[in-house]
Amino acid sequence: MTGERRTFSPGREAVQGRLEEIAREMGEVLSSTAFSLNLKEARHFSCAIYTPGGLLVSASDSFPLHLGPLLQLAAGVTGIYPPGQLEAKDVIITNDPSLTGSLLPDVCLLAPVFHRGRLLALVAALARHPDVGGCFPGGMGASCEGALQEGLCIPPLRLFRGGKLNHEAYRLIARNLRAAREFRGNVEAQLAAINCGAGKLVEMAERLGPHNLQRLMEEIIGHTASAFGTALEAIPQGTYTFEDFLEGNGPQEGLVNIRATVTRHGKSLQVDFTGTHPQVRSPFNLTRALTLSCVYYVLKALLAPDLPFNAGYAGAVEVITPPGTLVNPSLPAPLACAGLTAQCLADTLLGALAGALPSLVTAASTGGMSTLTIAWTDLPGGEPAVCLETLGGGAGAASDRDGASGVHAHMINARSIPVEALEGAYPLLVERCALARDSGGAGKHRGGLGLVKEVRILRGTARVAACLERSAVSPRGTQGGLPGERARIRVVGPDGGEEGKTPVKGWVTFDAPAGTRIILQTAGGGGFGSPLERDPELVRQDVLEGLISRRAAEEIYGVVLTADLKVDAAKTARRRNELKAGLGTPGMI
């Protein structure tokens, strides 16, 4: 008997569970060995396993914004380096958006996995690096007007051939970066992750047999396609349309619209972005792959939260993204702030589906991947440093619960970087990190609160780029809920003078000498349902916890508290009747 015939063959679900576990293990290796805090602490990365033909089988659950890129990047890379040209221990590196579908700071490492001389699978690690060169630290300058200003674009290169580093390619890349040592540390963490995945897959092939393993991979994808299609049947027949507006338009004036029309006809589902604004010169465009990330995320979150993501999702939905628009720009187009656009697009899709699935859809959330990037080039010792941090905000409330506060919502499933880690790694002091009182949209269920963060530069002169969304358009409430409070930025110079008040749009780039304070407040989430229907005891508890003020309790929720902070039932009833009668209108504080 051959070794293949003697191997044990478990069921599809068991193999699927093991592949998901391997993808998570790859992520844990990357997180524990990475150099940068945004990878080590915030976990801005995704790890993936593919069939030999480049179909996604399993992915870590780190970063929803990567869902679309994960579907296409293996096929894009192997289009340049066909599997027949790859050898054991080869590693390909690229950040080319035309292939990965993501942003320049998202650097991908992809490697073939061989078993006894035959290609078994592909593994990849996609990680958000703090800097890839360009005009602004982290490539995050909102005033960039072209892709060439955002940083170095790396076409697919064989960084390792047979396990040996391609020194010429590495030197070329490193020479164009602000913090080459940090870049190398992160690349080595990605390399450790894909080596981990490759080793685990070879162990599975030894136990199951390579042909059995590959057959089960195909079965997993097929089962997912069937299960996802069944889940989508919960959307009622009809057409549902919603339009929202993005503020981040760089030096151009005016808001940018995103229009989504969801149509359920028979067994087919179509998501059409016709009517969305043309692509812009500033870096708020979304590749088609990132647009697909938003579509798959919203549908998965509402209808199939426990269904693992893989190539089975592709093809279940017809997604129309007109070329040359914000959601499918002609490349090279600037993309660095696409995370802000993706959040707005997710809220737009939820707004459209609110007409179809009102009990499942939440109010709008904080509305962006609020980003603060600080770079130093003049520190003692001469080693440049780049700090990249994304800030959470308020999540939208749902039909059965309040929105979470100070969290990354929707497309950016990142963790907050601990204050101690930031202060230990960079010459800055976090003077305040707190929830912004009264920032959550009032409702029967309250929107989550935005985050206030105040950072002081301690040494050197730093180049700062801050990008926040929802500084002009409030996150909407739903079903009678009120909108969340808008985002804002302040900059206070070393002498205490105001260097800049709230920008018209939530982005700013400037040089900050030591002593400069940067104060950011992210937007709160929208409320769900009328605030006059909120349980008075829950309002009282919010006041006790400092989430809302006594003034908001009375003027918006109609809840009157006594001197010892008990609910005055009689006065509360009268106040709510007054508000319902129009003698006072609940509104923002």
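Residues numbered from 1 in each chain as written. Predicted model: local features only at pLDDT ≥ 70, side-chain atom pairs only at ≥ 80, totals over all residues. Heavy atoms only, no water.

Let's talk about the overall build of the protein
Rules: Strands here mean DSSP runs of E at least two residues long; helices mean DSSP runs of H or I at least four residues long; both are numbered from the N terminus. Radius of gyration: over C-alpha atoms. The globule rule applied is 2.2 Å multiplied by the number of residues raised to the 0.38 power. Burial classes: relative accessible area under 20% of the type maximum marks a residue as buried, over 50% as exposed, and values in between as partly exposed (1.4 Å probe, protein chains only). Throughout, a residue-residue contact means that at least one pair of heavy atoms, one from each residue, lies within 4.5 Å.
A tally of regular secondary structure across the protein gives 14 helices and 20 strands. Compactness check: the protein gives a C-alpha radius of gyration of 25 Å against a globular reference of 25 Å for 589 residues, within 12% of the reference. Taken over the C-alpha atoms alone, the protein extends approximately 85 × 60 × 45 Å along its principal axes. Burial analysis of the protein (589 residues in total) assigns 60% to the buried set. Put simply, 72% of the contacts in the protein that link residues at least 6 apart link residues at least 24 apart.

Structural notes on the pattern of salt bridges
Basically, it comes down to this: Think of a salt bridge as a Lys or Arg side-chain nitrogen and an Asp or Glu carboxyl oxygen that are within 4 Å of each other.
In this structure the tally under the stated criterion is 25 salt bridges. Ionic pairing is found between E485 and R488, a salt bridge with its closest N-O pair at 2.9 Å. For E485, a relative accessible area of 15% puts it in the buried group. On the accessibility criterion, R488 (34% relative accessible area) is partly exposed. By sharing partners, the salt bridges in this structure join R18, E21, E25 and K200 into a single network.

Overview of the sheet that holds strand β11 (residues 318–320)
Filter applied, for reference: By this definition, two strands are paired if DSSP reports at least two bridges between them. Note on method: axes are straight lines fitted to C-alpha atoms, helices fitted across the in-contact stretch only, with angles between N-to-C directions ranging 0 to 180 degrees.
As summarised here, the arrangement of the 4 strands in space is β8-β9-β10-β11, forming an open sheet in which the pairing is mixed. Two strands lie at the open edges of the sheet, namely β8 (238–246) and β11, each paired on one side alone. Each neighbouring strand pair of the sheet contributes to a mean axis angle of 15°, computed without reference to strand direction. Across 3 bridges, strand β10 (residues 268–272) lies against β11 in parallel orientation. Residue pairing in the sheet places Q270 in a bridge with E318 of β11. Set on the sheet, helix α10 (residues 338–353) makes contact with β8, β9 (256–265) and β10; between it and β8 the angle comes to about 150°.

Some details on the packing of aromatic side chains
The condition is simple: Centres within 6.5 Å are what make two rings of Phe, Tyr or Trp a pair, Trp counting through its six-membered ring; a difference in plane orientation under 30 degrees is then read as stacked, over 60 as edge-to-face, and the rest as tilted. By definition here, charges over rings are those cases where NZ of Lys or CZ of Arg is within 6 Å of the ring centre and within 35 degrees of the ring normal.
Scanning the model with the defined rule gives 5 aromatic pairs in all. One cation-aromatic arrangement involves R184 over Y170; the distance from NZ or CZ to the ring centre is 5.0 Å.

As for helix α12 (residues 536–544)
The condition is simple: When we speak of the arc, we mean the arc of directions from the helix axis to the C-beta atoms. Polar contacts, as used here, are pairs of N or O atoms within 3.5 Å; protein pairs need one atom able to donate a hydrogen and one able to accept it. Residues neighboring in sequence count only if both atoms are side-chain atoms.
Within α12 the residues assigned to the buried category are V539, R540, D542 and V543. Within α12, the buried residues cover an arc of 160° as seen down the axis, which keeps them to one side. Residues of α12 that are buried make contact with α13 (550–555). The N-cap of α12, judged by a side-chain oxygen 2.9 Å from the amide nitrogen of E537 a few residues on, is D535. Of the residues one or two after α12, G546 is the one with positive phi, at around 75°.

Some remarks on the confidence of the model for the protein
For clarity, the cut-off: Each residue carries a pLDDT value, the predictor's own confidence for that position, ranging from 0 to 100.
Per-residue confidence for the protein gives a mean pLDDT of 89; residues scoring 70 or more make up 93%. For residues 1–9, every residue scores under 50 in pLDDT, and the model assigns this stretch 14 contacts once sequence neighbours within four places are set aside.

Notes on the nonpolar core
Selection rule: To define a nonpolar core, start from buried Ala, Val, Leu, Ile, Met, Phe, Trp, Tyr and Cys residues and group those joined through side-chain atoms within 4.5 Å.
Grouped together as the largest cluster of nonpolar side chains are 154 residues, with contacts concentrated most on L201, F273, I374 and W376. The contact partners of I374, leaving out residues within four places of it in the chain, are A385, V386, C387, L428, V455, I457, A462, R463, V464 and I518. By size, the runner-up hydrophobic cluster in this structure holds 11 residues, among which are L482, V539, V543 and I548.

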